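# Observations on chain architecture
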Amino acid sequence: MVHQDIIKGIWKGLVPHRVEIFAWLSMLAKINTRSRLLQIGIITPENSFCVFCNSSIETPDHLLIHCHLPSMIWTWWLNMWNLSWTQPASLKEAFHQWRPAKGGPFFKKIWAAAFFVIIWTIWKERNARIFSNISSSSRELQDLVLLRLCWWLKAWEDDFPYSADEVIRNPSCLNWEKSVAPRNSSQHLVPHLWSPPPIETLQWNVDASYKSHHDHAAVGGVLRNSMGNFVCLFSSPIPLLEINSAEVFAIFRAIKISINSDRINNHSLIIISDSSNAVQWCNQDSGGPWNLSFMLNFIRNARKQWLSLSIIHKV
Ligand SMILES: [Zn+2]
């Protein structure tokens, strides 16, 4: 019965299916946290502590809700909308309480998706710390939450007029509704987000977000098949780079992931970027900024060796 209740709210298709599955398993305490590994005898008690605080046993509820880092992310999201909560006892309880105080249908979907995005981002961070020894600050994680939200919302709301960069700079643009007139009707601000690639071709949409007032940037990409289904997604903070260079970085990452994946590397590939400079540099055989030469050479080689790899500029 409890399972049924959880299931009802989860499968909304607002986020990739594997993320919905992850949320479902988390609420049933069936993800492979260290407490579970301890329970089934894979690790010893001294290795069962949470990677964020190193002082509590890593249970799903502790890891995704109660520990200081996840708690900061939840609080940040709630405060952004002038809300606060008494910390729920469990993830399940959090899920059932999770709704905005006001707002239209789009904003309600944003909220529903945000729940998934937040726990997924925390889980990815946990894995990055454990398996790659890489850690992001809570500020970077907040940006990643917004970035993922922006990519995933594009799968169900084509008309959303703001870029990930704009949302990161001003998250209140998420409180947008379809009926609202465009901000400037003379200027078409809706970017061309996705059009289906030819059959058997996979398409990356890459994106770099860059904030002039902060000293960090992030890149990300979404790979979709000709049906528009998600095949792969990446996002990561990068060192501060000028925006076109950051786009080259995003293209580089997309190619690198593609080469290393057997699911991807036997397909034709299209990579879409909204930086015409980055696309031009990648498609030339030489030139471009000297500090990008490593990445540009890698991209140029991939372009020559790949069955079919097109790097295209589209706004
Ligand atoms: Zn902890």
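Report follows, based on the coordinates. (Residues numbered from 1 in each chain as written. Predicted model: local features only at pLDDT ≥ 70, side-chain atom pairs only at ≥ 80, totals over all residues. Heavy atoms only, no water.)

Right, let's talk about the overall build of the protein chain for a bit. Along the protein chain, the regular secondary structure elements total 12 helices and five strands. Split into buried and exposed, the 315 residues of the protein chain put 51% on the buried side. A total accessible area of about 15100 Å² is found for the protein chain, and carbon and sulfur atoms account for 53% of it. (Helix = DSSP H or I, 4+ residues; strand = E, 2+ residues; numbered from the N terminus. Buried < 20%, exposed > 50% of the residue type's maximum accessible area, 1.4 Å probe, protein only. Areas by Shrake-Rupley, 256 points an atom, 1.4 Å probe, with all protein chains shown as cover.)

Considering all chains together, one arrives at 24 aromatic pairs under this definition. Aromatic side chains W98 and W111 sit 4.6 Å apart centroid to centroid with 40° between the ring planes, which places their arrangement in the tilted category. Of this pair, W98 sits in the loop between α6 (91–97) and α7 (105–132) while W111 sits in helix α7, placing them 13 residues apart in sequence. Among the residues examined, W98 registers a relative accessible area of 9% and is labelled buried. Accessibility expressed as a relative area gives 1% for W111, which makes it buried. Seen from their ring centres, W98 and F115 are 5.7 Å apart, and the 65° between their planes marks the pair as edge-to-face. On the criterion of sequence distance, the pair formed by W98 in the loop between α6 and α7 and F115 in helix α7 is long-range, its members being 17 residues apart. Residue classification places F115 among the buried residues on the basis of a relative accessible area of 0%. Over the ring of F298 we find K256, and its NZ or CZ is 5.9 Å from the ring centre. (Phe/Tyr/Trp six-rings, centres within 6.5 Å; stacked < 30°, edge-to-face > 60°. Lys NZ or Arg CZ within 6 Å of the ring centre and 35° of its normal.)

Regarding helix α11 (residues 276–283), the residues found buried are A278, V279, W281 and C282. Taken down its axis, α11 places every buried residue within 165° of arc, on the same side. Packed against the buried residues of α11 are α10 (243–260), β4 (268–273), α12 (293–305) and β5 (309–313). (Arc of directions from axis to C-beta. Contact = heavy atoms within 4.5 Å.)

A separate point is the nonpolar core. Counting residues in hydrophobic clusters, the biggest one holds 62 residues, and the most contacted among them are W77, W98, I110, F115 and L174. Put simply, the parts of the chain that give this core at least two residues each are α2 (17–27), α4 (60–66), α5 (68–80), α6, α7, α8 (138–153), α9 (164–169) and β2 (217–224). Tallying contributions element by element places α7 first for this core, with 15 residues. The residue makeup of this core includes at least three contributed by each of domain 1 (2–173) and domain 2 (196–313). (Core = buried A, V, L, I, M, F, W, Y, C linked by side-chain atoms within 4.5 Å. Domains from an automatic or database assignment.)

Turning our attention to the coordination of the zinc ion. A metal bound by six donors in octahedral fashion has ideal angles of 90 or 180 degrees, whereas one bound by four tetrahedral donors has an ideal angle of 109.5 degrees. Around the zinc ion, the protein contributes the donor atoms C50 (SG), C53 (SG), H62 (NE2) and C67 (SG), which lie 2.0 to 2.3 Å from the metal centre. Viewed at the metal, the four donor atoms of the zinc ion are separated by angles of 107 to 114°, and the geometry they form is tetrahedral. (Donors = N, O, S within 2.8 Å, 3.2 Å for Na, K, Ca; no water. Tetrahedral: all angles 85-135°; square planar, octahedral: opposite > 155°, others 65-115°.)

Let's shift gears to the pattern of salt bridges. Counting across every chain of the model gives five salt bridges. Across the salt bridge formed by R126 and E58, the nearest N and O atoms sit 2.9 Å from each other. Of this pair, R126 sits in helix α7 while E58 is found in the loop between α3 (34–39) and α4, placing the two residues 68 residues apart along the sequence. The shortest N-O distance in the salt bridge between R303 and D285 comes to 3.2 Å. In this pair, R303 is assigned in helix α12 and D285 in the loop between α11 and α12, connecting sequence segments 18 residues apart. (Salt bridge = Lys/Arg side-chain N within 4 Å of Asp/Glu carboxyl O.)

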